[in-house]
Structures are given as C-alpha cells and as structure tokens.
Amino acid sequence: MTQGAVCAQEMAWQPNEDGLKQILQLLKESQSPNTETQAAVQRRLEELNKYPDFNNFLVYVLTKLKTEDEATRSLSGLILKNNVRTYFQKLPPQVASFIKQECLNAIGDPSPLIRATIGILITTITQKGELTSWPELLPQLCNLLDSEDYNVCEGAFGALQKICEDSTEMLDSEALPDRPLNILIPKFLQFVRHTSPKIRSHAIACVNPFIINRTQALMVNIDTFVENLFHLATDEDAEVRKNVCRALVMLVEVRMDRLIPHMNNIIEYMLLRTQDPDDTVAIEACEFWLSLAEEPVCKEALSPHLNRLIPVLVRGMKYSDFDIMLLKGDVEEDSMVPDRDEDIRPRFHRSRTHQLEHESNGGAGGEGASGLDEDEDGDGFDEEGSLSDWNLRKCSAAALDVLANVFHGELLPVLLPILKETLFHQEWVVKESGILALGAIAEGCMGGMIPHLPEIVPYLINSLSDKKALVRSITCWTLSRYSHWVVQQPHEQYLKPLMGELLKRILDPNKKVQEAACSAFATLEEEACTELVPYLGFILQTLVYAFSKYQAKNLLILYDAIGTLADSVGVHLNKQEYIDLLMPPLIVKWNVLKDEDKDLFPLLECLSSVATALQSGFLPYAEPVFRRCVSLVEQTINHTVANQQNPQQVDAPDKDFMIVALDLLSGLAEGLGAHIEPLIKSSNLMQLLFQSMQDFMPEVRQSSFALLGDLTKACFQHVAPNISDFLTSLAQNLNPELISVCNNATWAIGEIAVKMGQEMQTYVPMVLPQLILIINRPNTPKTLLENTAITIGRLGLVCPKEVAPHLQHFIRQWCTSLRNIRDNEEKDSAFRGVCHMITLNPSGVITDFIFFCDAVASWVNPKPDLKEMFHRILHGFKDQVGEENWRRFSDQFPPMLKERLAVNYNV
C-alpha cells in the first residue's frame, strides 16, 4: 500500500486513491460470512498496522467518506479503536493528533451509528493516553453541547457519557488540576430538561457515575439534581426513566437525607416503575427495594405500602416467555444430551481453613441460608445456569428475601393469601413463582412460617414430581431452604419422604432438575449430619448410580454432594459395604482424568472429604492418590520456576492444581493419621511443602500451612528436622490482612507447640507478640480469633514461664473468643495452658477475672483434672478477696453464670 501524501500541515493529510480503494475493499471483505475470507482479512490488517499512515486512512473513512454506507464506516472506526487500544503509545505524534482532531470535527455526524462509534473511539483514546494528555478535549466537548445543531450536541453528549462512565475516578482526582467536574456537572444539569429525550437521558447518565463516590461537584448541586429527577419521573422515554431509577437507587445509599422528605412519593413512583412495561426500567426500579432494605428507615417507610408492594414482587417473579425460551423450559428430558464446554461455568476451589465447632448453628437454615447470592450452588436465583444475567425475576425474588429479613412475620398476612392463590394456580408458571416466593421468605419469615410448614412441606414434596421440569427444579431449592426445620421433626413424617423424593430427582431425566436436586441434597446433608447415618446405603446407591447417568456439568455438582455427605457423616462412612459402593466409581474417574484437566479439581475436593471421613478405610486407595498429588505439586513448582526464568517462552502455571492437591494431601493426613508415615518417608513431600510455603500466591500458602498442621499431627518426625525453617515461614505469615493464610499459620503453630513441648521456648519470642496483636485487633474475624486464642493457650501449656508474664495483654479477648466453641481437645489444651499461666501470674488475670469465670462456665463436660484446675483457681481467688468482696463481685454475674459456677464449682 502506498502511503498518503503528507503535507507540511498534518491536518491537510489526504489519502491517495489507490490506498483508499484497497482499504475499502478490505472493509467490505471483512463483512463476509466466510471464515477463510475473514482470516485472510485479519492477516492483512496485521500487516497494514506496520504503516502508521494506515490509521489515517481508517479515521478518514470513518469521518469523511460520507458516500460510503454506515456499516463500512463504523467498521473502519472499530478497527481503529482496536489499533488505538493496542498501539496508541507507538503512533507518531502527527498521526495521533490527526485522529484526535478528526474525531472532534466529526462528532456531529448525521448518522447516530457513526456518532456512537466516534464516541467509543474518543473514550478509548482517553483511556490510553489518559485525559491528562488531551487537555483541550473536555472544554471542546463542553462547548459543543451548546451547538444549535442537534447532532453535534448529541454526539458530544454521547462521548461525554462514555468518558464519565469509563474515567469516573480520573475525572474526580487531583490528576486533573483544573477540576473539570466543577464546570461539567452544573452544565449537565442544565440539559436534564432538554426537549430531546436522548439528550435528557445523556444528561442524567453523565451525572450518575459520580453519585456513589459522593463527588464534591455533585454534592454541592444535589438539591438541583434531586429536583430534576422528580421532574423527569414520568418521562415518556424508557431510557430516561431507567436513568432516573438508577440515580434514585444510588441516592438511597449516599444521600438518604435528601430523599426522606419525599420518601412516600418515591415509593409510589418506584412501585409504578417496578411494573414498567419496559423490562430494563422495571429491573432498575426493583433494585430500589434491595437498597432501601439496607437502610434504618426501611421498616417505617415501607410498612404502609407492603400490601401493594408484595403482590408486585411476586408477579415479577414469574418467568417471562423469553426466559422460558432461553431456558428451553419446554424440554423435559435432556439427560442424554452431552454438555457443551461453554455450558460449564468455572468453579472456584475454596482452600482448606481450619475452623472450630461452635455450640450452636445460626438461625433457621444455619448461617448464610439465603440462596440469593449468585453462586454456583444451583440455587433458585441462578436457574439459568450459564444465562445467569440479572433479570426481573431474580431481582424481585432477592427483594422479597431482604424484605422478609426486615419485616419477618409482619410480611405473612399480606403474602400468605397471595401464596394460596399462586401455589394452586392452573398455570404452571404462576405456581412456579409461588414456590420461588416460598423459598425467598424462608430465612426471614421462618418463625412465622413454622405453623404452616406441616401443610406446606408435604405440598412441596408432592411438587417434586410435577410434570414441568422448571417446577421440579425450583421446588428442590425451596425445600432446601426449609431443611433445617425438616431435620428437627420426626423422621418418618418429613425427612424420609423428602429424602426419598429428592433422591428420585437426583436421577431425574432433566439436567436442570438433577442439578437443583444435587444442590438441595447437599444442603440437607449439612443440616442433617449424622441423622443421615441410618439411610447411608440408600443414599450412596443413588449417588453412585448418578455417576453413570450424569453429563459433565452435573458430575461436578455430584462430587460436591458426595464430599458434603462425607463431611456430614464422617467416620460413619467407614464401613466396607459403603466403601465398596463409593470408591470404585470415584477411582474410575480419577484414572480417566489427565493431570491438566480442570475437572480434577472437584474430584480432588471430593476425595479430600472422603479420605478424611473414611480414615483407615481409605488405606487401600491411598498410595496412588498420594503419589499423584505429590506429582501435581512438584509439576506446578517446576513450571513456576521455568516461567520465572523464561517468562517469554513459558506461561505461568495454573496454581489451582497445586492448591487442590495440597488440600487432598491434608485430607489424607487427617484421615489416615500415622498410617500416612511410610508414604511421606518414601517421597520428597517435605521439601516440596517448604517450597510451596514460600509461594507468592496467598491461597498456595494457606493450603500449605493447613497441610503442615495436619502432618504435624500425623507424623511429626518428618516435620521436626526442618522445624526452624518451618516456624520462621509461619511467623512471617502472621499477617491478619490475609485472614485465611494467617488463620492456618496460627493453627499450625499451635499444633507444632503441642508436639515440641518445652523445646518451643526458643520460638515463643518470634510468634507471641504477633499473636497478641492479632487477638486484640478490632474486627478480627471469629475463626481467626478462636485459632489465635487456642495457639496462645497451647504456647502457655508448653512454655508457661515465657508466656505468663504477658497474661494481662490478652486474657480478656482470649476468654471471650473461646466461650462459644464446643468442648474438644483443642479447647482442652488451650484452657490447661491458661490455668498454668494464671497459677504463675495470678495478678495478670485479676482485672478481667469475670471473663475467666464466664469462659470456665462455657464448658459442658471438662475432664476431671481440668475441672479440678478450674476449681482451684476459682476458690483461690475467692479466698484471696474474702467472702464479702466475692459476694459483691459475683453479684455482677448474669444469673445463668452464677448458677453454673455454684452447681459445678461450689463458688
């Protein structure tokens, strides 16, 4: 291609005819449906990028060549946009200037498509060269807003909207010394009442990105902005209404003070808009209920409107015809149809975290029972699988869920009559939405629902065999939300029939139902735990049969259900008949999958739970599993080293293979205990483990420390030779900014202390100061606090002389952290340590003695010698202060505490 004639004045650049013809030909060919033609065009485009002038041709076609059709011109702009994104810094200054100038000159092109393309191009340039290197851009666009020519005004606004959305932080920062927003925001507000709906829509859309960050230039104009939003509330243009709703939703979070005086009218407005004929408006409006539910005023403001809002939300939960089409809702049997790769969403491995058991679970359904988070658990709000876009159905259901958590039982007088109607409706889509609503309120309204559950649960169990697959799948989810209640009732009445029907659904001919049933069954397993032991044979037969029936995507969920079962019933799985059922299909999958296949992740996670549960029952399968895990860790480490030495030639490895392998090795160590020793002895695992503890990726270190703790318990003789290196690495990772890493490092230190005994004293100064900082740090998560307290207690157990002098710096937090955990070995060793320290340094506990009393009372059944230690300390304190002072002191105790200490310790 010959170059264009560049005159002395770069702005007078003109293309030569030949070059222009070639480029137009290329643009035409690139619109061909033929893949070979497209590939040839792609190669030619890459060659042409060697000529900087090529970009001048592209901008010329986009902005000047009005004889060409819109599609060709727009395509020229999009190719230019990609070049700008890739090569902008390398373009000669005169080419960059030419592109910028031509964009501004043509911003008012008569074609809306060309104006939009130019806007995208301008934004891409600002993102590459940032706004700082094009100082004239914003003032020029701002001036063009006042143009008499509608096209110029609209084109400038389109570009400004994209810049405001893409460069929000930049526009509101010190990097632009003249603070352009001080001029721009008032300017945008002038156009909010423009006669053109497109301009009105742009004007609000330009302001909206600055709401959440409370941008100063907007906050000083907030009243004008809010007033304008109210003015536009009934705008006939859907795009305007959508932007108004979006603004009001954000203002709820940011400037509630400005909305409260108008709250009644806003609620009325949002009620109307949630039913807007335009779906995109309805979704934006529906978000309002989610935001309002977070605010303290919610209950008072919404109470008078509930009887109108709830029916609107339930109606919004109905599948639209479009949803049903996307979901293939008319396909009832598809279990024989193989999954496509794109149907299978990536799953994220959750690395092992050491946690302690608590005295009681959360409320109905345990912690986090709300299935409304968009996760991969196949809940009722993500039925679309890979089509998991937020839609009105999900938003309405999420709104009902959060409102149930605000209003609790007060919602039911409005909702129950609606449910009666929907649950028994002739149309399946209406019935389905009623079942979804039942699931949505499960967490918030549990108390009020209990009297109705003896009627509702059998109705739902019956609906599991509905003839419509989408009804069966949502019923699985809704039942899982009530499984906490089911498990507490007589088994014959609800649990057995529910389990029987759910297991049938696990083998459903419809893939969506299989997925929902597997997820629901996993939730039931978590709730029921060892209550499932009598039914294990029956459960395993079904889950194992599903192996032969499932396609790729649901296999991953099946692994999860089996892993959760193993976690829930634990050692009860260690029966030969169960092992013979479960292990062969797992090992078949294990042998089929290659080392680089990501489907290994969920299988390894599953095997980790199974190995922990089966304990010695896993021995016959242990060696090949162990060897492969060590090999996966070694391969990843070698790959990492190769990548660091030669990043150009070797891509970075996927560390997930290593993380999941480390976690399975932890499961083996925990399950097999001392039986793992010969496998460790004949491998290089300890050396690999030390290397993985140095990895820059926190998740790798987290899993490494979990494994180190488990190996310390199982075969300390292999940890001991390198103990100094291991402890140094653990001490370096006591950083509470990385909670899970810190948590596992802390726990591993405690396990090592128990094994080392007095020899640990060399290392106490290295770890204790950090542990004391962590336990006193505000907002430290519960799990980390508990593990830190256990480890401090264990250090005190083996090195009381070294730790006791610091008692007053941690004793209060220590006691409050451990009062809620169940009696177990870890708690036992930690309390013994504290008793030793109090004996050595009684003055360290005096000011916080009430907390110690409370922690002692949290024990249900301490071992006799530990109980004797508590008795001695309590009576020693009482004798020291005297009867009268003790009475005054113990009068501060809550009645329950007073009673427990009197009964158990006679004080």
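Residues numbered from 1 in each chain as written. Predicted model: local features only at pLDDT ≥ 70, side-chain atom pairs only at ≥ 80, totals over all residues. Heavy atoms only, no water.

**Brief notes about the overall build of the protein chain**
Right, on to step 1. Counting secondary structure elements, the protein chain contains 49 helices and 0 strands.
Right, on to step 2. Burial analysis of the protein chain (907 residues in total) assigns 57% to the buried set.
Right, on to step 3. Accessible surface, the protein chain: about 39,000 Å² in total, of which carbon and sulfur atoms supply 52%.
Right, on to step 4. Side-chain charges of the protein chain comprise 80 positive and 120 negative groups, with the mean position of each set lying 1 Å from the other. (Helix = DSSP H or I, 4+ residues; strand = E, 2+ residues; numbered from the N terminus. Buried < 20%, exposed > 50% of the residue type's maximum accessible area, 1.4 Å probe, protein only. Areas by Shrake-Rupley, 256 points an atom, 1.4 Å probe, with all protein chains shown as cover. Lys, Arg positive; Asp, Glu negative; His and termini not counted. Charge placed at Lys NZ, Arg CZ, Asp CG, Glu CD.)

**Thoughts on the side chain of Asp 663**
Right, on to step 1. Structurally, Asp 663 can be placed in helix H35 (residues 656–672).
Right, on to step 2. At a separation of 2.9 Å, a polar atom in the side chain of Asp 663 contacts the side chain of Ser 703. (Polar contact = N/O pair within 3.5 Å; in protein donor to acceptor, adjacent residues only side chain to side chain.)

**Section: the packing of aromatic side chains**
Right, on to step 1. On inspection of all chains with the given rule, the structure shows 23 aromatic pairs.
Right, on to step 2. Centroid distance Phe 547 to Tyr 559: 6.0 Å. Interplanar angle 50 degrees. Geometry classified as tilted. Taken as a pair, Phe 547 in helix H30 (residues 536–549) and Tyr 559 in helix H31 (residues 552–569) lie far apart in primary sequence, 12 residues in all.
Right, on to step 3. The interplanar angle of 50 degrees and the centroid separation of 6.4 Å between the aromatic rings of Trp 859 and Phe 870 together place this pair among those described as tilted. Note that Trp 859 is positioned in the loop between helix H46 (849–857) and helix H47 (864–881) and Phe 870 in helix H47, a separation of 11 residues in sequence. In this structure, Trp 859 and Phe 870 share a single accessibility class: buried.
Right, on to step 4. Clustering of aromatic rings is evident, with ring pairs tying together Trp 814, Phe 831, Phe 849, Phe 852, Trp 859, Phe 870, Phe 877, Trp 886, Phe 889, Phe 893 and Tyr 905.
Right, on to step 5. Directly above the aromatic system of Tyr 319 lies the positively charged group of Arg 393, at a separation of 3.7 Å from the ring centroid.
Right, on to step 6. Here the guanidinium or amino end of Arg 628 rests over the ring plane of Trp 590, the centre of that ring lying 4.8 Å away. (Phe/Tyr/Trp six-rings, centres within 6.5 Å; stacked < 30°, edge-to-face > 60°. Lys NZ or Arg CZ within 6 Å of the ring centre and 35° of its normal.)

**Focus: a nonpolar patch on the surface**
Right, on to step 1. Residues Phe 322, Met 325 and Leu 326 make up a contiguous nonpolar surface patch of about 320 Å² in total accessible area.
Right, on to step 2. As for its placement among the helices and strands, Met 325 is situated in helix H20 (residues 321–326).
Right, on to step 3. In this structure Met 325 comes out as exposed when scored by relative accessible area, which is 58%. (Patch = residues over 30% accessible without salt bridge, like charges linked within 9 Å, V, L, I, M, F, W, Y side chains within 5 Å. Salt bridge = Lys/Arg side-chain N within 4 Å of Asp/Glu carboxyl O.)

**Here's the deal with the nonpolar core**
Right, on to step 1. Phe 225, Trp 289, Phe 618, Met 760 and Trp 814 are the most contacted members of the largest nonpolar core, which totals 312 residues.
Right, on to step 2. No other element matches the 11 residues that H35 contributes to this core.
Right, on to step 3. Leaving out residues up to four positions away in the same chain, Phe 225 has contacts with Leu 189, Ile 204, Val 207, Asn 208, Ile 211, Leu 218, Ala 247 and Leu 251.
Right, on to step 4. In terms of nonpolar packing, the next biggest core, distinct from the first, is built from 6 residues, Tyr 319, Ile 324, Leu 327 and Leu 470 among them. (Core = buried A, V, L, I, M, F, W, Y, C linked by side-chain atoms within 4.5 Å. Contact = heavy atoms within 4.5 Å.)

**Focus on the confidence of the model for the protein chain**
Right, on to step 1. Predicted confidence across the protein chain gives a mean pLDDT of 86, with 93% of residues reaching 70 or more.
Right, on to step 2. The model gives residues 382–387 a pLDDT under 50, and that stretch makes 20 contacts with residues more than four places away or in other chains. (pLDDT = per-residue confidence, 0-100.)

**Observations regarding the pattern of salt bridges**
Right, on to step 1. Counting across every chain of the model gives 41 salt bridges.
Right, on to step 2. Here Glu 268 makes a salt bridge to Arg 308, at a shortest N to O gap of 2.6 Å. In this pair, Glu 268 is assigned in helix H16 (residues 263–273) and Arg 308 in helix H19 (residues 306–316), connecting sequence segments 40 residues apart.
Right, on to step 3. For Asp 401, the salt bridge identified is with Arg 481, shortest N-O distance 3.7 Å. Of this pair, Asp 401 sits in helix H21 (residues 392–407) while Arg 481 sits in helix H26 (residues 469–481), and the two are 80 residues apart along the sequence.
Right, on to step 4. Look at Asp 401 and you get buried, because its relative accessible area is 3%.
Right, on to step 5. Judged by relative accessible area, Arg 481 falls into the buried class, the value being 6%.
Right, on to step 6. Because the salt bridges share partners, they merge into one network encompassing Arg 472, Glu 501, Lys 504, Arg 505 and Asp 508.

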